[in-house]
Amino acid sequence: MTTFGIIGAGNIGTAVATAVIGLGHEVVIANSRGPETLAELVAKLGPKARAATAQEAAEAAEVAVVSVPLRAIHDIPVEPLAGKIVLESNNYYPQRDGVVDSLEAGETTTSGLLQEHLPTSKVVKAFNHIGSADITSDGAPAGAPNRRALALASDFPDAAAFVAKLYDDLGFDAVDTSPLSESWRVERDRPAYGVRQSKQELEANLARAPRTV
């Protein structure tokens, strides 16, 4: 059993929380409005979940999931996530996040920006190119025909291996596109973004992705 600290209780954060609880893990979940606003969600998630502040979720986490708008990543606690695996599911939307020149120019990635903010953590790009509802409904047993595949990327092999196993446990094939600097291949508006694809199809879509869009 692993304790997941979920920082961001939107659609993806909630779906990942639901999914990992289904595997028997525990969840400490936080949003930007305070734990008292999460009472209904925690009741729905069940006894393996509790609400907390972002600081408390980061402290409690053995593995963290950051699923917040890009503009909010600098609010993520740094010290309590030192040495921990941090899954990052964000996508860059200029109309929501403001224009980020380094992303527009293809000089960095959203995961890279979080890794800069969390220099002692092990950031992994994960769960960013699947609809939230599909996380809990689209998995299939290993070896199933046309099993859906999900991409990941990290600069840390142990962190990448953790996410690959998590994907498999949830019913998805994993495609590792490490290092983290290559995580742009699965970002918004690339061929692999938001579509259901097998492992072979995902590998092809990652290979043909344009660096800037």
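Residues numbered from 1 in each chain as written. Predicted model: local features only at pLDDT ≥ 70, side-chain atom pairs only at ≥ 80, totals over all residues. Heavy atoms only, no water.

### Concerning the side chain of Glu187
Within the secondary structure, Glu187 is located in the loop between strand E8 (173-176) and helix H9 (199-207). Residues within four places of Glu187 in sequence aside, it is in contact with Asn91, Thr109, Thr110, Asn128 and Tyr193. (Helix = DSSP H or I, 4+ residues; strand = E, 2+ residues; numbered from the N terminus. Contact = heavy atoms within 4.5 Å.)

### Regarding the sheet that holds E8
Ordered by their spatial adjacency, eight strands build an open sheet running E3-E2-E1-E4-E5-E6-E7-E8, and the pairing between neighbours is mixed. Of all strands in the sheet, those bounded by a partner on one side alone are strand E3 (49-51) and E8. Geometrically, the sheet is characterised by an average inter-axis angle of 25 degrees between neighbouring strands, direction not taken into account. Along the sheet, helix H6 (residues 110-117) makes contact with strand E4 (63-66), strand E5 (85-88) and strand E6 (122-125), crossing E6 at roughly 165 degrees. Sitting on the sheet, helix H8 (residues 157-170) touches strand E1 (3-7), E4, E5, E6, strand E7 (149-154) and E8, and the angle it makes with E7 is about 165 degrees. (Pairing = 2+ DSSP bridges. Axes fitted to C-alpha atoms, helices over the stretch in contact; angles between N-to-C directions.)

### Observations regarding the packing of aromatic side chains
Using the criterion set out here, one finds two aromatic pairs in the structure. With centroids separated by 6.2 Å and ring planes inclined at 45 degrees, the aromatic side chains of Phe4 and Phe162 adopt a geometry described as tilted. Separated by 158 residues along the polypeptide, Phe4 in strand E1 and Phe162 in helix H8 bring together distant segments of the chain. Overall, the relative accessible area of 0% leaves Phe4 in the buried class. Arranged with centres 5.2 Å apart and planes meeting at 90 degrees, the rings of Phe127 and Tyr167 form a pair that is edge-to-face. Taken together, the residues Phe127 in the loop between E6 and helix H7 (132-135) and Tyr167 in helix H8 connect sequence positions 40 residues apart. (Phe/Tyr/Trp six-rings, centres within 6.5 Å; stacked < 30°, edge-to-face > 60°. Buried < 20%, exposed > 50% of the residue type's maximum accessible area, 1.4 Å probe, protein only.)

### Comments concerning the pairing of strand E2 (residues 26-30)
For E2, the tally of buried residues reaches four of five residues, placing the bulk of the element in the interior. The pairing of E1 with E2 spans five bridges and is parallel. Counterpart to Phe4 in the pairing with E2 is Val27. With helix H1 (residues 11-22) bridging E1 and its parallel neighbour E2, the resulting β-α-β unit is right-handed. Bridge count for E2 against E3 is three bridges, and the pairing is parallel. Residue Val27 lies in a different strand from E3, and its bridge partner there is Ala49. One crossover worth recording links E2 to the parallel E3 by way of helix H2 (residues 39-45), and it is right-handed. (Right-handed = clockwise from strand over helix to strand, strands pointing away.)

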